[in-house]
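Here is what each chain is made of, one letter per residue.
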Amino acid sequence: MSLNLFTALDVPWYLATIYAALGATLVVLLTHEVSRLLTQSTLSGIPGPTGLPIIGNLHQVKGKPAFEVYRQWAKTYGPVFKIQLGSMPIVVVNDNDAARELFISQHSAVMSRPVTYTFHKTVNYIPTAEKHESPFETFSVGTSPWDASCKQKRRAAATALNMTAVRTYAPILEFETKEFIRELFEEGNHGKNAVYLKPLIYHLSINMSLTLNYGTRLLTFDSPLFREIFEVEAAISKFRSTSEHLADFFPFLRYNPFSGQSKYARDIGNRRKAVNYKLLDELQERIQQDTDRPCIIGNVLKDPQAKLSRKELLGVSMSIVAGADSNMPTLGWTIAYLIQNPEWQSRLYQALKEHILEQGGDLNEGPGYATAEENTIPIIDAFVREILRFFPPLRMGIPRAAYKDTVYAGGNIPAGTEVLLNIWALNRDPAIFTDPETFDPYRWLDPVNKANPRHYVYSFGLGARNCPASFLTYRILYLSLIRLLWAFQLEAEPGTDGPDCHPIHGSKNTAALGQPIDDYNALLRPRNVEALVEWLGEKPLAFGGLKSE
Ligand code: HEM
């Protein structure tokens, strides 16, 4: 019709095509802009920075450390403000009082998780569910909106990760942290070569998750299964980014026939499910042959009362494997910080040495789990807390969504709105932390701070959907740290200045959900080679009767 009009007006065909394309683009952009203004107006009474037409505030955060941009904006707009990324309105919570009001006092208000186009509709495609099923059964706990199925999955994960359960995992933690030290020692050719740490740290984290979850582990970090999990989980973390995927903010981009992104996202999602179903099937086979060893999913499979479907089991398993991705950045930042601050290395080593001797132990025998039981060395415990405060791995948490219409300080947050907890800002809230920009483990030993329940590491989130693995994580970090300190003097790679451990400049990866330090190598000089070799003993090929893959 319109081309007929152009013909009537004697416009050449190529100009007619260009005008038609421009006209169609204008209609799409105008529709988008109207919808952007309408959704923005639903968050009435909540202040926020004015954005540009079409893109909203996207240009101010994309490719930038959004957590710091938001922390600065809170000084102008208040602790709770709204932003708009394309057509998506988001509420950002930036201080302790507001976070406690919304995430604890009104905890059911923000207990859901948002449904995003990139993650929920491409990476982990929502199948057409049977009437009685939740469409989110196969989603990990951390990405499931709140419903009956999510409640079951969360309960299973939280039971498996509570304090009592974690105590029973002591032999696993002992074994894996020792194997971590062995790998560092061997890869570094007994302290002669610098080591590329990232895959070794990930090997520790992933083995911990696989052993706890499926009762299996990977012998080396160059096995095909290890590479597959490493690659897939890194891609998943990027797909879960809260500010990077344009199709989440501009619905019209979802119809771009030339974009290969959706196919790639779906492939990654399928590969993730394939790995986890394979591990699940192998576990079921071992259970049938009675060759399995106790593990979280095994316990659920054997429990006649357990109400989880196979899809939900997959969801729980994927949550625990994904958790490995949050542990990894913490150890990376810890080692970097110790390399750049040798005085802290000596101080912590000295504290460990004194503790072992006070307990009547032998320094040459290596710290056992007993040394780490209940994080007994106060300054090392305080150091781990300060690392988590100063370098929170998930700086913007995991996105929440309002579960019901909610009112905060006179402003409206309609059900379904995405809500981000700026953990980075909470951990630097000057109302709670004196001199928050300074790395100071002693703050955790101060009796006044200890008596203040708000003097707290916010890195695991808050309220109904907080991280159920904080107790496990503390144990892993603490035990890894005391064993690292005992075994090695940590140094920069010779000929380099060592890693940049500034919490913002030290990480160029703003795209992923987690915030890892940029890759670096480190020299791990054994403190006492003979004692270390003796402590490590022969490399075990099996653990608890189970051969490593
Ligand atoms: C340093 C390590 C870790 C940090 C800093 C961390 C942090 C977080 C944060 C910030 C959340 C979102 C909390 C909220 O919305 O309030 C979360 C959720 C979660 N984390 Fe962790 N995490 C870590 C390790 C782990 C590990 C090792 C596991 C599993 C073994 C794990 C399992 C989970 C699960 C299942 C959820 C989802 C909870 C829900 O949605 O109900 N995390 N984590």
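The structure under discussion appears in the preceding block.
Everything numeric in this text was worked out from a predicted model, so none of it was measured. (Residues numbered from 1 in each chain as written. Predicted model: local features only at pLDDT ≥ 70, side-chain atom pairs only at ≥ 80, totals over all residues. Heavy atoms only, no water.)

Helix and strand content of the protein: 22 helices and 11 strands. Expressed along its principal axes, the backbone C-alpha trace of the protein runs to roughly 95 × 55 × 50 Å. Of the contacts made within the protein by residues no fewer than 6 positions apart, 75% connect residues no fewer than 24 positions apart. Within the structure as shown, the protein displays about 23800 Å² of accessible surface, and the carbon and sulfur contribution to it stands at 57%. Charged side chains in the protein number 55 positive and 57 negative. The centres of these two groups are separated by 5 Å. (Helix = DSSP H or I, 4+ residues; strand = E, 2+ residues; numbered from the N terminus. Contact = heavy atoms within 4.5 Å. Areas by Shrake-Rupley, 256 points an atom, 1.4 Å probe, with all protein chains shown as cover. Lys, Arg positive; Asp, Glu negative; His and termini not counted. Charge placed at Lys NZ, Arg CZ, Asp CG, Glu CD.)

This part is about the packing of helix α9 (residues 170-187) against helix α22 (residues 529-536). In the contact formed by α9 and α22, the axes pass within 11 Å of each other and the chain directions differ by 130°. Judged by the angle between their axes, α9 and α22 are oblique. Read as a crossing pair, α9 and α22 show a hand that is left-handed. Listed contacts from α22 to K178, I181, R182 and F185 of α9 are V529, L532, V533, W535 and L536. In terms of residue class, the contact of α9 with α22 is made up of 7 nonpolar, no polar and 2 charged. (Axes fitted to C-alpha atoms, helices over the stretch in contact; angles between N-to-C directions. Parallel < 35°, antiparallel > 145°, perpendicular 65-115°, else oblique. Left-handed = near helix turned anticlockwise from the far one by under 90°. Nonpolar A, V, L, I, M, F, W, Y, C, P; charged D, E, K, R; others polar.)

Taken as a whole, the largest pocket spans an internal volume of roughly 500 Å³. Surrounding the largest pocket, 21 residues form its lining, T159, A160, I296, N299 and V300 being those nearest its centre. Listed by contribution, the elements that provide at least two residues to the lining of the largest pocket are α7 (148-160), α8 (163-168) and α14 (296-302). Per-element accounting of the lining of the largest pocket gives the leading share, 5 residues, to α7. Residues of the lining of the largest pocket, tallied by class, amount to 12 nonpolar, 5 polar and 4 charged. (1 Å grid on protein atoms, 1.4 Å probe; cavity = no way out; pocket = protein on both sides within 12 Å on 5 of 7 lines; lining within 4 Å. Points joined across faces, edges and corners; volume = space filled by probe spheres on them.)

This paragraph deals with the pattern of salt bridges. Per the counting criterion, the structure on display carries 20 salt bridges. Linking R525 and E491 is a salt bridge whose minimum nitrogen-to-oxygen distance equals 3.0 Å. Placement of R525 in strand β9 (residues 521-526) and of E491 in strand β8 (residues 488-492) is noted, with a sequence separation of 34 residues between them. A salt bridge links K508 to D518; its shortest N-O distance comes to 2.8 Å. Highlighted residues: K508 in the loop between β8 and β9 and D518 in the loop between β8 and β9, separated in sequence by 10 residues. Judged by relative accessible area, which is 66%, K508 ranks as exposed. Taking the relative accessible area as the measure of exposure, D518 reaches 22% and is therefore partly exposed. (Salt bridge = Lys/Arg side-chain N within 4 Å of Asp/Glu carboxyl O. Buried < 20%, exposed > 50% of the residue type's maximum accessible area, 1.4 Å probe, protein only.)

Here we take up empty space enclosed by the protein. Across all of its chains, the model carries 9 cavities of 30 Å³ or more by this definition. Each pocket or cavity is described by its volume, and for the largest cavity that value is around 890 Å³. Lining the largest cavity are 47 residues, with G323, S326, L394, I398 and C467 sitting closest to its centre. Of all the secondary-structure elements, those providing two or more residues to the lining of the largest cavity are α7, α10 (198-214), α11 (224-239), α15 (310-340) and α21 (470-487). When residues in the lining of the largest cavity are grouped by element, the largest group, 9 residues, is from α15.

The next subject is helix α16 (residues 342-358). An ideal rise of 1.5 Å per residue puts 24 Å on 17 residues; α16 measures up with 24 Å between its terminal C-alpha atoms. The complete set of buried residues in α16 reads W344, Q345, L348, Y349, A351, L352, H355 and I356. Projected down its long axis, α16 shows its buried positions confined to an angular sector of 155°, all on one face. At the C-terminal side of α16, G360 shows a positive phi close to 80°. (Expected span 1.5 Å × (residues − 1). Arc of directions from axis to C-beta.)

What follows deals with the sheet that holds strand β4 (residues 400-401). One open sheet accounts for 4 strands, arranged β1-β2-β7-β4; its pairing is mixed. The sheet is open, and its two borders are formed by β1 (80-85) and β4, each paired with just one other strand. As paired elements, β1 and strand β2 (residues 88-93) share 6 bridges and run antiparallel to each other. For L85, the partnering residue across the bridge sits in β2 and is M88. Where helix α4 (residues 66-77) meets the sheet, its contacts fall on β1 and β2, and the angle it forms with β1 comes to roughly 120°. Contacts between helix α5 (residues 96-105) and the sheet are confined to β1, β2, β4 and β7 (418-421), with β2 contributing the most and set at about 115° to the helix. (Pairing = 2+ DSSP bridges.)

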